[in-house]
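# Descriptive structure summary
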Amino acid sequence: MHSITSYTSNAHTNVVVMYVIAMFITSDDASLRILSMTLYNIVTFIMIGLTFTSVILSGKLSFRLLPELKWLYLTLIWIVISLVASKVMDSKTMLDEVYNYQWATGVNSPELRGISFTVRFILSLFVIQFIISSINTREKYVTVMKYFLWMVCIFALFPLLQIILISIFNIEIGNIYYERSAIRIGGYVGEPSVLAGMLCCGLFSIVATILFKNNIISFNKHFLMVFLGIIIIDLYMTSSTSIITAIMLSVIIFARKYLSKKSIILAIILIITLPILAGWMLYDKYK
C-alpha cells in the first residue's frame with residue numbers, strides 16, 4: 001500500500017509539472033493544439049484520469065472543499081444561477097448580433113457558450129484543487145516553482161524578440177496589433193490581454209522570489225531582476241489597461257504595510273483618474 005501511495009504521489013507531482021510547462025505552450029489558433037485542445041487542456045484530463053486511478057488503487061474517495069477556494073465556490077454558484085437565468089428569462093438571452101461573430105461557433109456558439117464556460121470553470125476549480133492537494137511537501141513545492149520560474153523567463157523572451165524585430169528591423173512575427181499609432185503585441189498566444197495576464201502571473205512570483213529571502217527557491221537575484229525588467233517591457237507593449245491597473249492595485253494592497261494612508265489614497269485616486277483623463281484626451285483628439 002505504501003508503494004502504491006508513493007507511486008501515485010510522484011505521478012501527481014509530475015502531472016503538475018506537466019501542467020506548468022503546458023501553460024506556456026498555448027495559442028489562440030490551431031498551431032499549438034492537438035485535436036483542437038491546448039496542451040494544458042489535455043493535462044487537465046490526465047489529472048482527472050489520475051484522480052480516478054488513485055481512487056481505484058486506494059479504494060476510497062477523499063474529497064473536501066478547500067477553504068482557500070471559498071470565493072471561487074461562491075463564484076461558481078453565481079455562474080450557475082446566471083446560466084439558468086439566461087435560459088429561462090427572455091431579457092437575459094443573447095442578442096441576435098452575437099451570432100455574427102466569427103468565433104461564435106461550436107462550443108463558443110451563443111447556445112452553448114454559457115454551458116461551456118461553466119464546464120471550463122469547474123475544470124479550473126478541479127485543477128486548482130488537484131495542485132493544492134498534490135503539492136503538499138517542501139520538496140514538491142521546490143520542484144514545481146523551479147519549473148514555473150524557468151518557463152516564465154523563457155516565455156518572456158518571445159515578446160521581447162517581437163519588440164526588437166518590429167522596432168528595429170520592421171519584421172513582424174507572432175501576433176501584432178495596430179491601434180491608431182500604437183503597437184500592441186500578443187506574443188504567440190494571441191490577444192495582448194491574454195499575454196499580459198500570463199506575464200502578470202510570472203511577475204508577482206519573480207518579485208516575491210527577489211524580495212523574500214528563503215532557502216526554498218534558489219535563483220540568482222540578478223538573473224531574476226533582468227527578466228523582471230523584460231517582463232515589465234513586455235507588459236508595457238501589450239498596452240493592456242485592465243492588467244496594468246490590476247497590477248498597480250495589487251502593488252498597493254501588498255505595500256499597504258509600508259505606505260501611509262495618504263499615499264495609498266493618492267495612489268488609488270491616480271489609478272482611477274489617469275485612465276479616465278487619458279480616455280477623454282483620446283476621445284477629444286479622434287472624435
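### Considering the overall build of the protein
- When its secondary structure is counted, the protein shows nine helices and four strands.
- Its helices and strands taken in sequence order, the protein reads α-β-β-α-α-α-α-β-β-α-α-α-α from the N to the C terminus.
- By sequence separation, contacts in the protein at least 24 residues apart represent 65% of the contacts at least 6 residues apart.
- On the protein, roughly 18,800 Å² of surface is accessible, and the fraction owed to carbon and sulfur atoms is 68%.

### Remarks on helix 3 (residues 70-88)
- With 19 residues, helix 3 should cover 27 Å at 1.5 Å per step; its first-to-last C-alpha distance of 28 Å lies within 8% of that length.
- Burial in helix 3 covers these residues: Tyr-73, Leu-76, Ile-79, Leu-83 and Ala-85.
- On the buried face of helix 3, the contacting elements are helix 4 (113-134).

### A few points about helix 8 (residues 241-254)
- Here helix 8 spans 20 Å end to end across 14 residues, near enough to the 20 Å set by a 1.5 Å rise per residue.
- Here helix 8 has its buried residues at Ile-243, Ile-247 and Ile-252.

### Digging into the nonpolar core
- If you look at the biggest cluster of nonpolar residues, it comprises 45 residues, and the most contacted ones within it are Ile-206, Ile-231 and Leu-235.
- For this core, the secondary structure elements donating two or more residues are helix 1 (2-23), helix 2 (39-58), helix 4, helix 5 (138-169), helix 6 (192-211), helix 7 (221-238) and helix 8.
- The element best represented in this core is helix 5, accounting for 11 residues.

### Details of the packing of aromatic side chains
- Taken as a whole and assessed by the stated rule, the structure comprises 10 aromatic pairs.
- Pairing Phe-219 with Phe-223 gives two aromatic rings, centres 6.5 Å apart and planes at 25°, and the pair type is stacked.
- Ring centres of Phe-223 and Phe-227 lie 4.9 Å apart, and the angle between their planes is 50°; this geometry places the pair in the tilted category. Of this pair, Phe-223 and Phe-227 both sit in helix 7, separated by four residues, roughly a single helical turn.
- Judged by relative accessible area, which is 27%, Phe-223 ranks as partly exposed.
- For Phe-227, a relative accessible area of 11% puts it in the buried group.

### A look at the pairing of strand 4 (residues 182-185)
- The sheet contact formed by strand 3 (residues 176-179) and strand 4 spans four bridges and is antiparallel. Bridge pairing in strand 4 links Ile-176 to Ile-185.
- A loop of two residues connects strand 3 with strand 4, the two strands running antiparallel in sequence, and Arg-180 in this loop sits at a positive phi of about 55°.

### A closer look at the environment of Asn-175
- Structurally, the position occupied by Asn-175 is in the loop between helix 5 and strand 3.
- For Asn-175, a relative accessible area of 19% puts it in the buried group.
- On a C-alpha basis, the gap between Asn-175 and Gly-190 in space is 5.8 Å, while along the polypeptide they are 15 residues apart.
- Excluding residues within four positions of it along the chain, Asn-175 makes contact with Asp-28, Gln-162, Arg-184, Ile-185, Gly-186, Gly-187, Tyr-188, Val-189 and Gly-190.

### A look at a nonpolar patch on the surface
- Where nonpolar side chains cluster on the molecular surface, the patch consists of Trp-71, Leu-74, Ile-77, Trp-78 and Ile-81 and spans about 620 Å² of accessible area.
- Locating Trp-71 in the fold gives a position in helix 3.
- For Trp-71, a relative accessible area of 60% puts it in the exposed group.

### Considering the confidence of the model for the protein
- This prediction gives the protein a mean pLDDT of 81; 76% of its residues lie at or above 70.
- Across the protein, the element-wise mean pLDDT spans from 62 in helix 9 (residues 261-286) up to 93 in helix 5.

### So, the packing of helix 2 against helix 4
- Contact geometry for helix 2 and helix 4: axes closest at 10 Å, N-to-C directions at 60°. On the basis of their axis angle, the class for helix 2 and helix 4 is oblique. In the crossing of helix 2 with helix 4, the sense of the turn from one axis to the other is left-handed. Only Leu-123, Phe-126, Val-127, Phe-130 and Ile-131 of helix 4 make contact with helix 2, whose side of the interface consists of Thr-44, Met-47, Ile-48, Leu-50 and Thr-51.
- Taken together, the residues of the contact of helix 2 with helix 4 sort by class into eight nonpolar, two polar and no charged.

What counts, and at which threshold
- Residues numbered from 1 in each chain as written.
- Predicted model: local features only at pLDDT ≥ 70, side-chain atom pairs only at ≥ 80, totals over all residues.
- Heavy atoms only, no water.
- Helix = DSSP H or I, 4+ residues; strand = E, 2+ residues; numbered from the N terminus.
- Contact = heavy atoms within 4.5 Å.
- Areas by Shrake-Rupley, 256 points an atom, 1.4 Å probe, with all protein chains shown as cover.
- Expected span 1.5 Å × (residues − 1).
- Buried < 20%, exposed > 50% of the residue type's maximum accessible area, 1.4 Å probe, protein only.
- Core = buried A, V, L, I, M, F, W, Y, C linked by side-chain atoms within 4.5 Å.
- Phe/Tyr/Trp six-rings, centres within 6.5 Å; stacked < 30°, edge-to-face > 60°.
- Pairing = 2+ DSSP bridges.
- Patch = residues over 30% accessible without salt bridge, like charges linked within 9 Å, V, L, I, M, F, W, Y side chains within 5 Å.
- Salt bridge = Lys/Arg side-chain N within 4 Å of Asp/Glu carboxyl O.
- pLDDT = per-residue confidence, 0-100.
- Axes fitted to C-alpha atoms, helices over the stretch in contact; angles between N-to-C directions.
- Parallel < 35°, antiparallel > 145°, perpendicular 65-115°, else oblique.
- Left-handed = near helix turned anticlockwise from the far one by under 90°.
- Nonpolar A, V, L, I, M, F, W, Y, C, P; charged D, E, K, R; others polar.

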